[in-house]
Amino acid sequence: MEVPQGGGDGMLATIGRPLCRIRIVCAEGQAGVHYNFVDLERFRWEGQQALTPGKHTIVFDFTYDGPGFGKSGTGVLKVDGNEVANKKIPHTIPFFMALDETFDVGVDTRTPVDDNDYQVPFRFTGKIAKLTIKLGPTELTSNDQAVIQHALNKAKD
C-alpha cells in the first residue's frame, strides 16, 4: 500500500456482516485489524505510530489454536516487517462467517464494523498495489468431521 502526503485513512479490506466482521484499516494514519465477535466482544490490533508517506507492507498473521471449533488464537500485526501489535483472543467464531455482505478492498460498501469508528464508504485515500490472502491448513478431528457430516445430512433433509 502507499500512503499519500498528508497521511492515509480508510478501509484496506473488509469481509462479513456487522456482527461477525474482520477489517484491515489505515485509520488516522495507523494500521489496524478489527475483529467483531458477534457483537459480544471486539478485538483490535493497532499500531501506535502513524504511517509515513510512501510505500508500506502490512501483514496480519493469525495462528489458530485448533483443531476444533471456536478456539482461541493469536494475531500479530506487522508493518514493514516490524511487529506493532500482538494479541491472543480467547475464542473465534465457529464454523463460518456469514457472507451476505461483500468482500471489499479499498472501501466498505455496506455497513461499518462499528458506527463510532467510521461511516461508509470509508474509501482508502492512498493506493493499494497488492492484497494477498493465505489460508493455512485446516485440521479437523474425527469428532469435528462427524459434526459437519451430521449438519450436512440434516441440511439435505
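Since we're looking at a predicted model, the values are computed, not measured. (Residues numbered from 1 in each chain as written. Predicted model: local features only at pLDDT ≥ 70, side-chain atom pairs only at ≥ 80, totals over all residues. Heavy atoms only, no water.)

Another point: the overall build of the protein chain. Assigned secondary structure in the protein chain consists of 1 helix and 10 strands. Helices (α) and strands (β) of the protein chain occur, in sequence order from the N terminus, as β-β-β-β-β-β-β-β-β-β-α. Of all 157 residues assigned to the protein chain, the portion counted as buried reaches 34%. Across the protein chain, every contact between residues at least 6 apart in sequence was considered, and the portion connecting residues at least 24 apart equals 50%. (Helix = DSSP H or I, 4+ residues; strand = E, 2+ residues; numbered from the N terminus. Buried < 20%, exposed > 50% of the residue type's maximum accessible area, 1.4 Å probe, protein only. Contact = heavy atoms within 4.5 Å.)

Bringing the sheet that holds strand β9 (residues 82-89) into the picture now. Pairing between sheet strands relies on hydrogen bonds along the backbone, with the strands arranged either parallel or antiparallel. The strand order across the open sheet built from 3 strands is β7-β8-β9, with neighbouring strands paired in antiparallel fashion. In the strand order of this sheet, the two ends are held by β7 (58-64) and β9, each with one partner. Going from strand to strand, the sheet's axes swing by 15° on average, the running direction of each strand aside. Sheet topology note: the strand β8 (residues 73-79)/β9 ladder contains 7 bridges and is antiparallel. Within β9, the residue paired with Val 79 across the bridge is Asn 82. (Pairing = 2+ DSSP bridges. Axes fitted to C-alpha atoms, helices over the stretch in contact; angles between N-to-C directions.)

Before going further, it helps to examine the nonpolar core. Of all hydrophobic cores here, the largest spans 17 residues; its most connected members are Met 1, Cys 26, Tyr 35, Phe 43, Trp 45, Leu 51 and Leu 77. At the level of elements, β4 (30-37), β5 (41-46), β8 and β9 are the ones that each hand at least two residues to this core. For this core, the element with the most residues is β4, which contributes 4 residues. (Core = buried A, V, L, I, M, F, W, Y, C linked by side-chain atoms within 4.5 Å.)

This part is about the pattern of salt bridges. Under the criterion given, the structure shown has 3 salt bridges. A salt bridge links Arg 42 to Asp 39, with the nearest nitrogen and oxygen atoms 2.4 Å apart. Between Arg 44 and Glu 46 there is a salt bridge, with its nearest N and O atoms 3.2 Å apart. Accessibility expressed as a relative area gives 28% for Arg 44, which makes it partly exposed. (Salt bridge = Lys/Arg side-chain N within 4 Å of Asp/Glu carboxyl O.)

Next up on the list: a nonpolar patch on the surface. There is a patch of nonpolar side chains on the surface, built from Phe 103, Val 105, Ile 128, Leu 131, Ile 133 and Leu 135 and spanning about 580 Å² of accessible area. One can find Leu 131 in the loop between β10 (104-105) and α1 (142-156). (Patch = residues over 30% accessible without salt bridge, like charges linked within 9 Å, V, L, I, M, F, W, Y side chains within 5 Å. Areas by Shrake-Rupley, 256 points an atom, 1.4 Å probe, with all protein chains shown as cover.)

We now examine the environment of Asn 86. On the secondary structure map, Asn 86 appears in strand β9. Residues Asn 86 and Arg 44 lie 42 residues apart in sequence; the distance between their C-alpha atoms is 9.6 Å. Look past the residues within four positions of Asn 86 in its chain and what remains in contact with it is Trp 45, Thr 74, Gly 75 and Val 76. Engagement of the side chain of Asn 86 in a polar contact is seen with the side chain of Glu 83, the distance being 3.4 Å. (Polar contact = N/O pair within 3.5 Å; in protein donor to acceptor, adjacent residues only side chain to side chain.)

Take the packing of aromatic side chains next. In total, this model carries 4 aromatic pairs according to the counting rule given. Seen in terms of ring centroids, Tyr 35 and Phe 43 are 6.1 Å apart; in terms of plane orientation they differ by 25°. Their pairing is stacked. Overall, Tyr 35 belongs to the buried group, its relative accessible area being 9%. For Phe 43, a relative accessible area of 8% corresponds to the buried category. Where Tyr 118 meets Phe 122, the ring centres are 4.6 Å apart and the plane angle is 20°; that geometry is what we call stacked. Grouping aromatic residues by their ring pairs yields a cluster made of Trp 45, Phe 60 and Phe 62. (Phe/Tyr/Trp six-rings, centres within 6.5 Å; stacked < 30°, edge-to-face > 60°.)

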